[in-house]
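Overview (structure and organization)
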Amino acid sequence: MLYKDLCRYYQRLEAETGKIAMMKILSDCFKKADPEEVDKIAYLTLGKLWPDWKGMPELGIGEKLTMRAISRATGVDVKKIEDIYKRKGDLGETAAFLVSQKRMMTLFQKELEVKDVYEAFKKIALASGPGAMDMKVRILTGLLVSASPIEAKYIIRTVLGKLRLGVGEATILAALADAFLGSDKYKDIVEEAYNKHPDIGYIAKLAVKGREALEHVKIEPGVPVRPMLAERLSDPAEILMKAGGKAYAEYKYDGERAQIHKKGDKIWIYSRRLENITYQYPDVVEWAKKYIDAKEAIVEGEIVAIDPDTGDFRPFQELMHRKRKYDIHKVMEEIPVKVFLFDVLYLNGREFLKKPYAERRKILESIIKPNENITLAQGRLIEKVEELEKLFLEAVSNGCEGLVVKNLSEIYVAGTRGWRWIKYKRDYKSEMADTVDLVVIGGFHGRGRRSGTYGALLVAAYNPDKDCFESVCKVGSGFTDADLAELPRILDKYKIPTKPKNVVTEMEPDVWFEPKVVMEVIGAELTLSPVHRAAFDLVRERLKKPAGIAIRFPRFVRWRPDKAPTDATTSKELFEMYLRQLKKLKE
Ligand code: ATP
């Protein structure tokens, strides 16, 4: 197909707003194209050259270089191009105008074919090294010299990443069904293939071959599978019913979803959005090689940030530090992670998408050698609502977001959100409105950088009715190095061998302290916990739950030497704050 013909389709697409009409225009375009070109047309229409997950360079040329190429191709100086661009507001239109001015003089150019343009774009994207910028400008200039005005417009918009035809993957998939399977009512077949092999060019070429080719798409290590997603419910009874009355409920870890592919010694890690994030997790790559007992496998799990000093989970935002391209080994030490696996899609040449979850989980268990770095998501077979509630509280107090409840007999449907998995979580978008003052009752020995001092402290609220201190959380964050070094000096004088009588908690710290020292703490939210005991009686009486109030992701703010332990925030105050938080969430 000539590139100018593709450009005419682009023009028609731009003029159209209805999705069905756009799909039909594209379908017509695919039908007219040479079968060898449909992949290139599919990529180009999305403004791409290959799928993002391949981690290949993008086209991306900046405006300055683009203007230089326009100038070289048309003989108009950059200053004048800038002026016209200012007036037109679109560098594509500017190029089209300047090329139209010049065309009178250069007749009989070779006409550009789609594949010429695609190949030139590829060279532009792949140019690297010292002379890369010059090379890019030269190739773009070459294209513009051969381009008609309409071609110049779309070439420029594409290299600038501003094609914006309003066509997404879904429309292209429907158009492929319409063009090659006879109707867009077969778009599910194309979509299903795409969910298993999300490469629009690859799928376009299969579509040309017909339905059977699409239905035979196999998943393979190295090519990400679009992840299955969960529905959400907040009533545990309804969740259990929807999940089939008997379900496997797992902790919902608050990290980054990872699809880990293994083929011999080669490991790929893909994110929920199918980005290749392998470089961010050299540690996970090593563990996958060592602990996934398979030649080839595709497994899914959650990568969670860990506090290096306490071993506790850290909020998922901490993983953002891993996005750095440089010094990744340093960041790896600062932000260590753990992996919790929860599914297997493929093993040694066999696909497991059509197997029920109960079977997939068993297979997963059989190929993972659990250890402190990589293990299976904690879960339990649940048949009663109370069991589900108990596990939920347990998960939250262990730093998780809640649960993902899985229907045991359901298959894995790539790229869909459905009731096969149901998430049961609380929203906790808001930071706690206020800090609270809590009393130190215990300490946990530090590890790593914190060895020799405490890694975290157990803190409590005051209950004046019973004159006792009820535990609220374990605080390991917010301390500076200087604060940490000071901890033994401040606290060790209050060390006692056993739990004081006026302390109530289900936790077992390494060291008990007399409740003397008060600190100010802030956190992400208040939650219920089976191990902490603040306001336990009130929660049981008013909310009918055997739990205390706790703080999620607590951080040390400062010491409060001006406060006596009995001046600390009371359990009742915490309970009232919790009720206010619930009310706010409902609004
Ligand atoms: P959310 O923001 O709630 O994580 P989401 O849209 O990213 O939602 P959903 O599929 O709706 O994804 O929710 C499940 C997500 O929870 C998974 O994508 C995964 O990242 C995470 N997760 C944590 N633990 C588990 C688990 N045990 N099983 C499945 N998913 C889990």
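Residues numbered from 1 in each chain as written. Predicted model: local features only at pLDDT ≥ 70, side-chain atom pairs only at ≥ 80, totals over all residues. Heavy atoms only, no water.

Some details on the nonpolar core
Proteins that are soluble and globular tend to have nonpolar side chains buried together. By size, the foremost hydrophobic cluster in this structure holds 79 residues, and its most contacted members are F30, F121 and I203. Here F121 is in contact with L44, L49, L59, L143, I155, T158 and V159, once residues within four sequence places are set aside. Counting 74 residues, the second largest nonpolar core, distinct from the first, contains V304, F313, Y412 and I490. (Core = buried A, V, L, I, M, F, W, Y, C linked by side-chain atoms within 4.5 Å. Buried < 20%, exposed > 50% of the residue type's maximum accessible area, 1.4 Å probe, protein only. Contact = heavy atoms within 4.5 Å.)

Topic: the packing of aromatic side chains
According to the stated counting rule, one finds 16 aromatic pairs in the structure shown. Ring geometry for Y248 against Y357: centres 6.4 Å apart, planes inclined by 50°, an arrangement best described as tilted. Residue Y248 is located in strand β2 (residues 247-252), and its partner Y357 is located in helix α17 (residues 357-367); the two are separated by 109 residues in the primary sequence. Classification of Y357 by relative accessible area gives buried; the value is 1%. Judged by centre distance (5.6 Å) and plane angle (85°), the ring pair of F313 and F340 falls under edge-to-face. Pair noted here: F313 is in the loop between β5 (296-305) and α16 (328-334) and F340 is in strand β6 (residues 337-347), with a separation of 27 residues, a long-range link. Given a relative accessible area of 18%, F313 falls into the buried group. Chaining the aromatic ring pairs together yields one cluster made of Y251, Y253, F313 and F340. (Phe/Tyr/Trp six-rings, centres within 6.5 Å; stacked < 30°, edge-to-face > 60°. Helix = DSSP H or I, 4+ residues; strand = E, 2+ residues; numbered from the N terminus.)

A closer look at the side chain of K136
Looking at the element boundaries, K136 is found in helix α8 (residues 132-146). Within the buried set, K136 has no salt-bridge partner at all; the shortest N-O distance to an opposite charge, 10 Å, is to E58. When near neighbours in sequence (up to four residues on either side) are disregarded, K136 contacts I61, I124, A125 and A127. (Lys, Arg positive; Asp, Glu negative; His and termini not counted. Salt bridge = Lys/Arg side-chain N within 4 Å of Asp/Glu carboxyl O.)

A closer look at the pairing of strand β3 (residues 256-263)
Of all the eight residues making up β3, seven are buried; the element is thus mostly covered by neighbouring parts of the structure. With eight bridges joining them, β3 and β5 adopt antiparallel strand pairing. Note that in β5 the partner of I260 across the bridge is V299. Taken together, the five bridges between β3 and strand β4 (residues 266-270) define a ladder with antiparallel strand orientation. Opposite Q259, over in β4, you have Y270 as the bridge partner. (Pairing = 2+ DSSP bridges.)

Considering the site of the ligand
Taken together, the neighbourhood of the ligand is formed by 17 residues, with R272, E302, R417, K423 and K425 sitting nearest. Within the side chain of K406, a nitrogen or oxygen atom sits 2.7 Å from a nitrogen atom of the ligand. Protein chains bury 87% of the 590 Å² of accessible surface belonging to the ligand in isolation. Among the elements of the structure, β1 (229-232), β2, β10 (402-407) and β11 (417-425) are those that each provide at least two residues to the shell around the ligand. It is β11 that contributes the most residues to the shell around the ligand, four residues altogether. (Near = heavy atom within 4 Å. Polar contact = N/O pair within 3.5 Å; in protein donor to acceptor, adjacent residues only side chain to side chain. Areas by Shrake-Rupley, 256 points an atom, 1.4 Å probe, with all protein chains shown as cover.)

Remarks on the domain arrangement of the protein chain
Once the domains are mapped, the protein chain shows domain 1 (48-159), domain 2 (229-429) and domain 3 (436-586). Centre-to-centre, using C-alpha coordinates, domain 2 lies 30 Å away from domain 3. With 21 residues of domain 2 in contact, the opposing surface of domain 3 contributes 25 residues. For the pair domain 2 and domain 3, the summed buried area comes to about 1,800 Å², and 50% of that belongs to carbon and sulfur atoms. At the boundary of domain 2 and domain 3, one finds five salt bridges. The shortest N-O distance in the salt bridge between K474 and D312 comes to 3.1 Å. Connecting domain 2 to domain 3 are five residue pairs in polar contact (both at pLDDT 80 or more). (Domains from an automatic or database assignment. Buried area = accessible area lost by both parts, 1.4 Å probe.)

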